[in-house]
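Single-letter residue listing:
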Amino acid sequence: MDIPIAARSSSGITLYEGLPTPGNKPTCPPIQSKACRTMLFDQDGKYLAYVNGQTLCVLQTDNWQTLATIENVKAYQLAFSPKGTFLMSWEPFTVTNANPQGSPNLKIYKTANGELVKTFVHKKQANWEPQWSHDEKLFSRIVNTDVVFYEDLNFERIVARINSSKVSSYKISPNVGVYFVLCHTLGSPGQPSLARLFKYPSFDTTQAIANRSFFQADKVDIMWNAKGNSALLLTSTEVDKTGGSYYGKQGLYFVGLNGETSIITLSKEGPIYSVEWSPKNNEFCVVYGFMPAKATIFNIKCEPVFELGSGPKNAIHYNPQGNILLLGGFGNLRGQIELWDTANWKKISSCEAADTTLLHWAADGEHFLTATTAPRLRISNGYKIWHYTGVLIFELPHKEPEELYDVTWKNVSKGVFRDPVISAKKVEGIAPSQPQASAQVYRPPSARNRPTVNFNLHEDEETAHKPGKDSAPSKASLKQKKKREAKKAKKLEEVNEDEPKTPAVVSSVKINLTGDPELDKKLKNIKKKLDAIEKLKTQQAEGKTLEINQLEKIKAESDLLAELKNLTV
């Protein structure tokens, strides 16, 4: 099955050959435009919607024919309903002298023909996107601090409302037939924030299935697993008042449909960079802690089941089938990527995609795409296609001054592709066009003929292990190990163990100590210098070229002998 790639740039939208044979040829005529603000595939990849200036267009992806063209649209955000039946758009709310009340800025269209179904006023961009149940039976949105619900595609009649709590954000579970809603209420000064789990349509506070309170939560990200039986709450504050983190302070909590809640204990201090559920629903991954960050796998009971080690990482990407986990370090990191087999927790491969601003897995679960896009980076824009074995398959750089804004695979319905069979065998790839940094460690000239001392930049880096087994050594043991290695290296430098030891070269001149401390000190010093000269003379006799200062030392031998004679008279 073909999986094309859509690229939105400063010249418009182009659909390129993606899989199975990547290429730089468009699969259909490009959409030429310098005012294309956004584009979006629906969940199953049947439709592609984009905004071109003040025109909203919908394409059918099986033949790339235009289904609908809607004029006078200034949309900045687009979203599809779960089945792709409806397309929603949001544009900034404006008022004019002619229209002081303003016009509705949240609009719902039928995807198949572009018919306008309903309009609403939603002034703020935050929480603009309405939420649907997975079967599209429920439609909901935030109105001030309430959540209102509509049923059976009837947008004129509100059938339920959450008004017992001042809701700042919420998420409907992906269940079908029975629906659950998880809400976050922002706490007032001195009072904690609250998360409440309700079963639709029982929304009284006394009917909450689960309640969880927490301080330091200006914002809460709610993440349901695909099965809809568990959720994670990532709480965060804008500023960490303790001064411990640039990113603010964060916490991670678990909520289950059985009413159980728990805080997820992380084994390292620092920010939480990323949290993701596995598509298999039985585990989730967290990347956290001051650099080098840790990556830990937790089961559904919130117990750590595997540590993926620490390093420069801040991103988590499961493939759609959930049997490969990608960990990356992007943004202010160099773009290191690790790929893991989630069945056996074995590292498959690693690679480096420098200057990556976005990453997407393809629906086949074997290939992923990395891209460098504007406005994050305005030079070296383009995208690359990789195989999970870490091999670069294809790359397409964008010629300057054209800027690349967005790149994505066409979506494919779930179940079309089976779980990929994981193999460590490398596939055939290409060499990157960008020059690669040397992997060889720089050594100054003074250290190039000496034994190498191995060390880690971060002494507290951990390797992958099961919790409680083969855990990383403590900092004290790492420090002792480093001292032992340095001592061993120094010994190797002084004595070559591969060669038999030879007696030390000393001068034949003997000295007799007198018991006078000052005089004996001078005698010992002269003896030491004579021994050094004898060693240099031996090296000279063996053919070694001596430095000028060494030759001067040999010439000074007669003066030292005369001084020694005067001291012993």
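What counts and what doesn't
Residues numbered from 1 in each chain as written. Predicted model: local features only at pLDDT ≥ 70, side-chain atom pairs only at ≥ 80, totals over all residues. Heavy atoms only, no water. Helix = DSSP H or I, 4+ residues; strand = E, 2+ residues; numbered from the N terminus. Buried < 20%, exposed > 50% of the residue type's maximum accessible area, 1.4 Å probe, protein only. Contact = heavy atoms within 4.5 Å. Polar contact = N/O pair within 3.5 Å; in protein donor to acceptor, adjacent residues only side chain to side chain. Pairing = 2+ DSSP bridges. Axes fitted to C-alpha atoms, helices over the stretch in contact; angles between N-to-C directions. Expected span 1.5 Å × (residues − 1). Arc of directions from axis to C-beta.

Caption draft 1: Inspection of the overall build of the protein at higher detail. Across its full length, the protein holds four helices and 36 strands. Residues classed as buried in the protein amount to 44% of the 569 residues present. Pairs at least 24 apart in sequence give 43% of the contacts found in the protein among residues at least 6 apart.

Caption draft 2: Geometry of the side chain of Ser81. With respect to the helices, strands and loops of the structure, Ser81 is situated in the loop between strand S8 (77–80) and strand S9 (86–90). Overall, Ser81 belongs to the buried group, its relative accessible area being 2%. A polar atom in the side chain of Ser81 sits 2.7 Å from the side chain of Glu136. Aside from chain neighbours lying at most four places away, what touches Ser81 is Phe86, Met88, Trp132 and Glu136.

Caption draft 3: Representation of the sheet that holds strand S17 (residues 180–185). The four strands are arranged S16-S17-S18-S19 in an open sheet whose pairing can be described as antiparallel. Every other strand in the sheet has two partners, leaving strand S16 (167–172) and strand S19 (210–214) as the edge strands with one partner each. Taken pair by pair, the neighbouring strands of this sheet meet at an average axis angle of 15 degrees, ignoring direction. In the sheet, S17 pairs with strand S18 (residues 193–199) via six bridges, with the strands oriented antiparallel. Residue pairing in the sheet places His184 in a bridge with Ala195 of S18.

Caption draft 4: How the structure looks around helix H4 (residues 557–568). End to end, H4 covers 17 Å across 12 residues, agreeing with the expected 16 Å (1.5 Å per residue, within 8%). Considered for burial, the residues of H4 that qualify are Glu557, Leu560 and Leu564. Projected down its long axis, H4 shows its buried positions confined to an angular sector of 60 degrees, all on one face. In H4, the exposed positions that point more than 90 degrees away from the buried face belong to Asp559, Lys565 and Asn566. Of the surrounding secondary structure, the elements contacted by the buried residues of H4 are helix H2 (517–541) and helix H3 (548–555).

Caption draft 5: Molecular detail of the pairing of S9. Most of S9 sits inside the fold, with five of its five residues counted as buried. Every second residue of S9 is oriented toward a common face, with Phe86, Met88 and Trp90 on one face and Leu87 and Ser89 on the other, all of them buried. Of the strand pairs in this sheet, S8 and S9 are connected by four bridges, and their pairing is antiparallel. Along S9, the bridge assignment pairs Ala79 with Met88. Between S8 and S9, which pair antiparallel in sequence order, lie five residues; one of them, Gly84, sits at a positive phi of approximately 80 degrees. Here S9 runs beside strand S10 (residues 106–110); their pairing, made up of five bridges, is antiparallel. Considered in S10, the bridge of Phe86 is made with Lys110.

Read these as layout, nothing more, since geometry by itself doesn't imply function.
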